[in-house]
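Listed below are the residues making up each chain.
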Amino acid sequence: FEKSIGGPNPFILDGSPARFTITKLRDNSTVKIFSLNGVVVRELTSNNGLVIGGQAYWDGKDYNGDPVASGVYLYLAFTDDGKSTAGKIAVIRK
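Residues numbered from 1 in each chain as written. Predicted model: local features only at pLDDT ≥ 70, side-chain atom pairs only at ≥ 80, totals over all residues. Heavy atoms only, no water.

Caption draft 1: Highlighting the overall build of the protein. Per the secondary structure count, the protein includes 0 helices and 9 strands. Going from the N terminus to the C terminus, the protein shows its helices and strands as β-β-β-β-β-β-β-β-β. Taking 2.2 N^0.38 as the reference for a compact globule, 94 residues should give roughly 12 Å; the C-alpha atoms of the protein span a radius of gyration of 12 Å, in line with that estimate. Along the longest, intermediate and shortest principal axes, the C-alpha atoms of the protein span 40 × 25 × 20 Å. Residues counted as buried form 34% of the 94 residues belonging to the protein. A separation of at least 24 residues holds for 50% of the contacts in the protein among residues at least 6 apart in sequence. Summed over all atoms, the accessible surface of the protein reaches about 5300 Å², with 50% contributed by carbon and sulfur. Looking at charge distribution, the protein has the averaged site of its 11 positive side-chain charges lying 6 Å from that of its 9 negative ones. (Helix = DSSP H or I, 4+ residues; strand = E, 2+ residues; numbered from the N terminus. Rg over C-alpha atoms; globule rule 2.2 N^0.38 Å. Buried < 20%, exposed > 50% of the residue type's maximum accessible area, 1.4 Å probe, protein only. Contact = heavy atoms within 4.5 Å. Areas by Shrake-Rupley, 256 points an atom, 1.4 Å probe, with all protein chains shown as cover. Lys, Arg positive; Asp, Glu negative; His and termini not counted. Charge placed at Lys NZ, Arg CZ, Asp CG, Glu CD.)

Caption draft 2: Region of the structure containing the nonpolar core. Formed by 19 residues in total, the largest nonpolar core has its most connected members in Val 31, Ile 33, Leu 44, Trp 58, Ile 89 and Val 91. For this core, the leading source of residues is strand β8 (residues 71–78), giving 3 residues. Each residue touching Ile 33, except ones within four places of it in the same chain, is listed here: Val 39, Val 40, Val 41, Arg 42, Leu 44, Trp 58, Tyr 73, Leu 74, Tyr 75 and Ile 89. (Core = buried A, V, L, I, M, F, W, Y, C linked by side-chain atoms within 4.5 Å.)

Caption draft 3: How the structure looks around the environment of Tyr 57. In this fold, Tyr 57 is placed in strand β7 (residues 55–58). The exposure class assigned to Tyr 57 is buried, which follows from its relative accessible area of 15%. Along the chain, Tyr 57 and Ile 22 lie 35 residues apart, while their C-alpha atoms are 6.6 Å from each other. With sequence-adjacent residues up to four places away left out, Tyr 57 is seen in contact with Arg 19, Phe 20, Thr 21, Leu 44, Leu 50 and Ile 52.

Caption draft 4: Fine view of the sheet that holds strand β5 (residues 40–44). Taken in spatial order, the 5 strands of this open sheet run β2-β9-β8-β4-β5, and their pairing is mixed. Lying at the two open borders of the sheet, with one neighbouring strand each, are β2 (11–13) and β5. Here the strands of the sheet are splayed against their neighbours by 25° on average, with no regard to which way each runs. Taken together, the 4 bridges between strand β4 (residues 30–35) and β5 define a ladder with antiparallel strand orientation. Bridging across to β5, Phe 34 finds its partner in Val 40. (Pairing = 2+ DSSP bridges. Axes fitted to C-alpha atoms, helices over the stretch in contact; angles between N-to-C directions.)

Structural data, given as structure tokens:
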């Protein structure tokens, strides 16, 4: 992996259809979004249509479809062969 790039950062959730985009991923990567206490709030995969080619898209929502709270979140992108990259997302909910 090259160092992945995610943005916009901060990611502002204001009710508009914004997406946080993570680029420079390998094909068929899986991305997990974590809260700082280690809880997985969402998983992005090609199977659920949220990873396309070398990019992943997060709408700022959790597994239940609810917008996440303001705060810092971590993402971990990885492939089946063990390659990984990580980053931080600052979320501001208006």
